[in-house]
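Understanding the architecture of this molecule
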Amino acid sequence: MDGLAELHTHLGGSVSSDILWTLAHEQGIALPVKDYWDFDRLVTVSDPRGVPNLDALDQIYHWTELIQSSPLAVEVSVHAAIGGAYRSQQITTLELRFNPMKRNRGGERDLDHIILAAIRGLDRASLEYPQVQAGLIRMMDRTFTARQNEIIVEKAIAWASRGVVGVDIAGPRPGGVRYDYRSVQPMVEDARAAGLGVTIHVGEEGGDMGREELAEVLEVLRPDRIGHGILAAGDEELMRDLKAAEVVLEICPTSNLLTKALADEDAVRSVFRTFVEHGVRFTIATDGPEMMHTHLRDEFELLLRIGALTQNELDEATVRSHEASFVRGGFRAARV
Ligand SMILES: [Zn+2]
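Residues numbered from 1 in each chain as written. Predicted model: local features only at pLDDT ≥ 70, side-chain atom pairs only at ≥ 80, totals over all residues. Heavy atoms only, no water.

**Observations regarding the overall build of the chain**
For the chain, the helix and strand inventory stands at 14 helices and eight strands. Computed over its C-alpha atoms, the radius of gyration of the chain comes to 18 Å, within 12% of the 20 Å expected for a compact globule of 336 residues. Along the first, second and third principal axes, the C-alpha atoms of the chain reach 50 × 45 × 40 Å. By the burial criterion, 57% of the 336 residues in the chain qualify as buried. Long-range pairs, those at least 24 residues apart, make up 77% of the contacts in the chain between residues at least 6 apart in sequence. For the chain, the computed accessible surface area is about 13,500 Å², with 50% contributed by carbon and sulfur atoms. Looking at the chain, you have 35 positive and 52 negative side-chain charges, and the mean spots of the two groups are 3 Å apart. (Helix = DSSP H or I, 4+ residues; strand = E, 2+ residues; numbered from the N terminus. Rg over C-alpha atoms; globule rule 2.2 N^0.38 Å. Buried < 20%, exposed > 50% of the residue type's maximum accessible area, 1.4 Å probe, protein only. Contact = heavy atoms within 4.5 Å. Areas by Shrake-Rupley, 256 points an atom, 1.4 Å probe, with all protein chains shown as cover. Lys, Arg positive; Asp, Glu negative; His and termini not counted. Charge placed at Lys NZ, Arg CZ, Asp CG, Glu CD.)

Written out as structure tokens, the structure is:
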């Protein structure tokens, strides 16, 4: 299959700073900075040493989500992200994920209008880049109430015929305590029954607590894919279960380094070698190329340079990425 595939990229991290800068001004959003380069530092992980933790990353997302909180901005953002991915990286299979309820100013904007604007951006990109197959993943949030997450999934199902291909959940753990993934089990079951793909952010950080969450997600939510899941690399049982369930991990190496989820390149190499040795399936992604200042090919170069994967293993990951994409109908074998 020609072209690359990227399955894990957030809309809030996929739009270049210059486009966000113009969008912010067009909409009269009050920004804390007046200089473009200060703005660039505000909306990206600009320090090569990264951010202290995931909370610091959420601070950056706060700005990109605020700027994307209108129908116009969502349409422009989706269109720009798809076109940019094809022009810069020849990505022909792309899944973009975002939470529409973090883009409607706390209910001030009509949620359906935001969603339809994203679909319009997708349609316009399809017209300009017919080589690209792109889809949208709707994200629930761990800080949201059950009802809020329910609405997000209801809307995902309602718009499934128009390019919404899957559901996900992310966001900080409320109170810093272990998140109870069973609370979203009914929503995930509904999404699956409606033919949507299921990918879940879990096992990115949090040590033993993160590993417990991963085990619970595997058992209770039975996802097709997992966002990150790198904590499984230290756990024989989790790796056995991931392999048996044919779950595909979406691993974002640079993002993991920038957020300190992985300490250094040695840790990145170790995670990949462990997964290869244990037959755990994975794909490579950026988490958000603009925010992370990295693109898919930069990730490939990093993994080759540090000896995490061979060229052959990278090529296999690309094929797997296309195959595991919800846009192309790739779901866990166990489901069909
Ligand atoms: Zn992510």
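Let's pick the thread back up.
**A closer look at the coordination of the zinc ion**
For the zinc ion, the full set of protein donor atoms is His 8 (NE2), His 10 (NE2), His 201 (NE2) and Asp 287 (OD), and the range of their distances to it is 2.1 to 2.3 Å. Metal-centred angles of 77 to 165 degrees between the four donor atoms at the zinc ion mark the site as irregular. Each donor residue of the zinc ion lies on one chain, and together they are spaced H-x1-H-x190-H-x85-D. Residue His 8 is located in strand 1 (residues 4-10), and its partner His 201 is located in strand 5 (residues 197-202); the two are separated by 193 residues in the primary sequence. The residues His 8 and His 201 share a single accessibility class, namely buried. (Donors = N, O, S within 2.8 Å, 3.2 Å for Na, K, Ca; no water. Tetrahedral: all angles 85-135°; square planar, octahedral: opposite > 155°, others 65-115°.)

**Section: the nonpolar core**
In this structure, Phe 275 and Ile 284 are the most contacted members of the largest nonpolar core, which totals 88 residues. Looking at this core element by element, the count peaks at eight residues for helix 5 (residues 111-128). Other than its neighbours up to four places away in sequence, Ile 284 contacts Ala 5, Ile 251, Pro 253, Phe 272, Leu 296, Glu 299, Phe 300, Leu 303, Leu 309, Leu 314 and Ala 317. By size, the runner-up hydrophobic cluster in this structure holds nine residues, among which are Val 45, Val 51, Ala 56 and Ile 60. (Core = buried A, V, L, I, M, F, W, Y, C linked by side-chain atoms within 4.5 Å.)

**Comments concerning the pattern of salt bridges**
All told, the structure shown has 25 salt bridges when counted by the stated rule. When the shortest N-O distance is used, the salt bridge between Arg 97 and Asp 168 registers 2.8 Å. Of this pair, Arg 97 sits in strand 2 (residues 91-98) while Asp 168 sits in strand 4 (residues 164-170); the two residues are 71 residues apart in sequence, bridging distant segments of the chain. Where Glu 154 meets Arg 147, a salt bridge forms, and the shortest distance between an N and an O atom there is 3.2 Å. Several salt bridges share partner residues, and in doing so they unite Glu 95, Arg 97, Asp 168, Arg 225 and Glu 250 into one network. (Salt bridge = Lys/Arg side-chain N within 4 Å of Asp/Glu carboxyl O.)

**Re the pairing of strand 2**
Among the eight residues that make up strand 2, eight are buried, leaving the element largely enclosed by the rest of the structure. Bridge count between strand 1 and strand 2: five bridges; the pairing is parallel. Bridge pairing in strand 2 places Thr 9 opposite Leu 96. Sheet analysis places strand 2 next to strand 3 (residues 133-141), joined by six bridges and oriented parallel. Paired with Thr 93 across the two strands is Gln 133, which belongs to strand 3. With respect to chirality, the unit in which strand 2 leads through helix 5 into the neighbouring parallel strand 3 is right-handed. (Pairing = 2+ DSSP bridges. Right-handed = clockwise from strand over helix to strand, strands pointing away.)

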